[in-house]
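# Topology and contacts: notes
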Amino acid sequence: MFKLFKTIIKVGTKTTIKYPFEPLDVCDDFRGKPEHDPEQCIACGACTQACPANALIMETDIENNLRRWEISFARCIYCGRCEEVCPTNAITLSQEFELAVTNKADLYEEANFTLAHCVECAEAYAPTKAVSYVHDLLVQSGLDRDDPYLSQLLNTCPSCCRRANMLDSRTLVHGQYFHDALANDSLACDVSADKVFQQERSNQGE
Amino acid sequence: MKGIKSLVGNDHTKTIPVIQDANFKKLKQTLLKEIKRSAYVYRVDCGGCNGCEIEIFAATTPVFDTERFGIKIVASPRHADILLFTGAVTRAMRMPALRAYEAAPDPKIVVSYGACGCDGGIFHDLYCVWGGTDKIVPVDVYIPGCPPTPAATIYGFAMALGLLDQKLKARSHNEAENEKATLKHTGIPLALKTIIEREARLLSGYRQGGILADEFMAVLAKSTQETVDANLKRFLSEKNDPRISEIIEILHHKALAFMRG
């Protein structure tokens, strides 16, 4: 009995967390409600691919020129995979944990994005924001902002690009590493050899 | 199905929740208003992984102590005011769950607990899973989380008893005209950014690595060649973590090596 009193005095009465009456301290790495910033989102769909619980979905509605993104906090398992893969930091797991609801519809969040249309075939091929983000990235990596090739390449759909490349190989835009390699002359001979080979083949075909 | 004549239909796989009497809804309101005693909770496990159960018991321990509010776990549904359904409702547990629901005296409050209880969680598309408590019984409160923390559990209970209000609201965003995602750390060359992010994620795991690389690049972007060392030192002393110091040091070496070419 004496021992029990001693323990009680030692432990004190402050064992219980006063949570609903006082805000709770959550640790820095706590994974709470995924906070989505729709302005920063480029609707690339990386998070919907990474989500193990299919809590994130994305669907394309060509008729209404819309791409709809939706998260269900009901199904979300708060793993943070979406945060890992997001290229623009549009989705981050916050410290918010008070997510209980009485109305299930409040567990859903959605965002609608418009689609970009190809300049040649006028078909929707990517979200507008993704295209402008790629443009910004390419400009940052050293391409000229006013380069007509750049805007033409970005504003045509992949199948039209492929068709154009088949007709004219000069329209190919290579990455920075390819240009570096060309400058070092290590790839130049390979490429020229390849071209000669292709020409021979086309001649034979004719 | 093309060319295949449906013999039995698919009614046997459709889920129809138990229909609630309008009088019970009224009774529930009076119960919430005039409850002058403890609220007893009965926990129904409909095929969960027991993560939720562990968190429920954590909520009843002296640290979080739901018994402050008179919320107590009971052993029989006949004593219960609140029914707590965990798990994704498997085929085998559907009938026992319904029996527990019927056994509890009216008016009863049904709480759907955890990601599986709310919407099936990661098991939502399994063949033997009904996917959510609301597929079999009418639900009053949803507590999402995988599993919900004890604090979230207390918040959910408080909401079920009408003590606290709901914070989460449904949100819908439509793209505005000329809305654009901003590029971060534009002062740093793209190739260096890639090196930093790759190395940080290799060293400290994917999520933490991403955060560390972001913070490191923020320090780099705002400092010049002369101030970068002092800024990094201040950043590390603020963090006061030997693990972060080591990672940032390695990142700094990589960045310097890149700049030297």
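All of these numbers come straight from a predicted model, not from anything done at the bench.

So, how was this worked out
Residues numbered from 1 in each chain as written. Chains lettered and ligands numbered in written order. Predicted model: local features only at pLDDT ≥ 70, side-chain atom pairs only at ≥ 80, totals over all residues. Heavy atoms only, no water. Phe/Tyr/Trp six-rings, centres within 6.5 Å; stacked < 30°, edge-to-face > 60°. Helix = DSSP H or I, 4+ residues; strand = E, 2+ residues; numbered from the N terminus. Buried < 20%, exposed > 50% of the residue type's maximum accessible area, 1.4 Å probe, protein only. pLDDT = per-residue confidence, 0-100. Lys, Arg positive; Asp, Glu negative; His and termini not counted. Salt bridge = Lys/Arg side-chain N within 4 Å of Asp/Glu carboxyl O. Contact = heavy atoms within 4.5 Å. Pairing = 2+ DSSP bridges. Axes fitted to C-alpha atoms, helices over the stretch in contact; angles between N-to-C directions. Left-handed = near helix turned anticlockwise from the far one by under 90°. Parallel < 35°, antiparallel > 145°, perpendicular 65-115°, else oblique. Nonpolar A, V, L, I, M, F, W, Y, C, P; charged D, E, K, R; others polar. Patch = residues over 30% accessible without salt bridge, like charges linked within 9 Å, V, L, I, M, F, W, Y side chains within 5 Å. Areas by Shrake-Rupley, 256 points an atom, 1.4 Å probe, with all protein chains shown as cover. Core = buried A, V, L, I, M, F, W, Y, C linked by side-chain atoms within 4.5 Å.

Tallied over the full model, the rule gives three aromatic pairs over all chains. A centroid spacing of 6.0 Å and a plane angle of 45° characterise the contact between Phe21 of chain A and Phe69 of chain B, whose relative ring orientation is tilted. With Phe21 of chain A in the loop between α1 (2-11) and β1 (34-36) and Phe69 of chain B in the loop between α2 (51-60) and β2 (71-73), this pair bridges two chains. On the accessibility criterion, Phe21 of chain A (63% relative accessible area) is exposed.

This paragraph deals with the confidence of the model for chain A. With 81% of its residues at a pLDDT of 70 or more, chain A shows a mean pLDDT of 82. Ranking the elements of chain A by mean pLDDT puts helix α8 (residues 188-205) of chain A last with 54 and β1 of chain A first with 93.

Bringing the side chain of Glu55 of chain B into the picture now. On the secondary structure map, Glu55 of chain B appears in helix α2. This buried residue, Glu55 of chain B, is left without a salt bridge; Arg31 of chain A holds the nearest opposite charge, at 11 Å. Non-local contacts of Glu55 of chain B, meaning those with residues more than four positions away in its chain, are made with Tyr113, Pro147, Pro148, Thr149 and Pro150 of chain B.

Our next topic: the environment of Gly131 of chain B. All names here are of chain B. Looking at where Gly131 falls in the secondary structure, it is placed in the loop between α4 (114-119) and β5 (141-143). Between the C-alpha atom of Gly131 and that of Asp119, which follows or precedes it by twelve residues, the distance is 5.7 Å. Those residues in contact with Gly131 that lie beyond four places of it in its chain are Ala88, Val89, Asp119 and Gly120.

Residues and elements named next belong to chain A. Of all seven residues in strand β3 (residues 66-72), five are buried, a share of seventy percent or more. Turn length for the strand β2 (residues 56-61)-β3 hairpin, with the two strands adjacent in sequence and antiparallel, is four residues, and the turn residue Asn65 shows positive phi of about 60°. In this structure, β3 lies alongside strand β5 (residues 108-117), joined through seven bridges in antiparallel fashion. The residue of β5 that forms the bridge with Trp69 is Ala111.

The next thing to look at is the packing of helix α7 (residues 206-222) of chain B against helix α8 (residues 228-239) of chain B. In a pair of packed helices, the angle between the axes and the distance between the axes together describe the arrangement. All names here are of chain B. With their axes 9 Å apart at the nearest point, α7 and α8 run at an angle of 145° to one another. The two elements α7 and α8 cross, and the hand of that crossing is right-handed. Contacts between α7 and α8 pair Glu215, Phe216, Val219 and Leu220 from the former with Val228, Asn231, Leu232, Phe235 and Lys239 from the latter.

Residues and elements named next belong to chain B. Here α8 crosses helix α9 (residues 242-260) at 160°, and the two axes come no closer than 10 Å. Classed by the angle they form, the pair α8 and α9 counts as roughly antiparallel. Every pair of crossing elements has a handedness; the one defined by α8 and α9 is right-handed. On the side of α8, the interface is formed by Asp229, Leu232, Phe235, Leu236 and Lys239, while α9 contributes Ile244, Ser245, Ile248 and His252. Each residue belonging to the contact of α8 with α9 can be placed in one class, and the counts come to five nonpolar, two polar and two charged.

Moving on: unusual backbone geometry. All names here are of chain B. Of note, the bond from Asp106 into Pro107 is cis; its omega dihedral lies within 30 degrees of zero at -5°. Take Pro107: it is sitting in the loop between α3 (91-103) and β4 (109-113). With an omega dihedral of -10°, the bond running from Cys146 to Pro147 counts as a cis peptide bond. With respect to the element layout, Pro147 can be found in the loop between β5 and α5 (150-160). Phi is positive for Asp65, which is not a glycine, with a value near 50°. In this fold, Asp65 is placed in the loop between α2 and β2.

Once that is clear, we can look at a nonpolar patch on the surface. Residue and element names in this part refer to chain A. A contiguous nonpolar surface patch, about 580 Å² in accessible area, is contributed by Met1, Leu4, Phe5, Ile8 and Ile9. Mapped onto the elements of the fold, Phe5 is located in helix α1. On the accessibility criterion, Phe5 (45% relative accessible area) is partly exposed.

Ranked by size, the top nonpolar core spans 46 residues in total, and within it Leu56 and Trp69 of chain A together with Val44, Leu83 and Phe85 of chain B carry the most contacts. Every element with two or more residues in this core is listed here: β3, β4 (91-93) and β5 of chain A together with β1 (39-45), β3 (82-86), α3 and α4 of chain B. Broken down by element, the residue count for this core peaks at four residues, all from α3 of chain B. If near-sequence neighbours (up to four positions away) are discounted, Trp69 of chain A is found in contact with His36, Cys47, Leu56, Ile57, Met58, Ile91, Glu109, Glu110, Ala111 and Phe113 of chain A. By size, the runner-up hydrophobic cluster in this structure holds 26 residues, among which are Ala100 of chain A together with Ala39, Ile82 and Ala152 of chain B.

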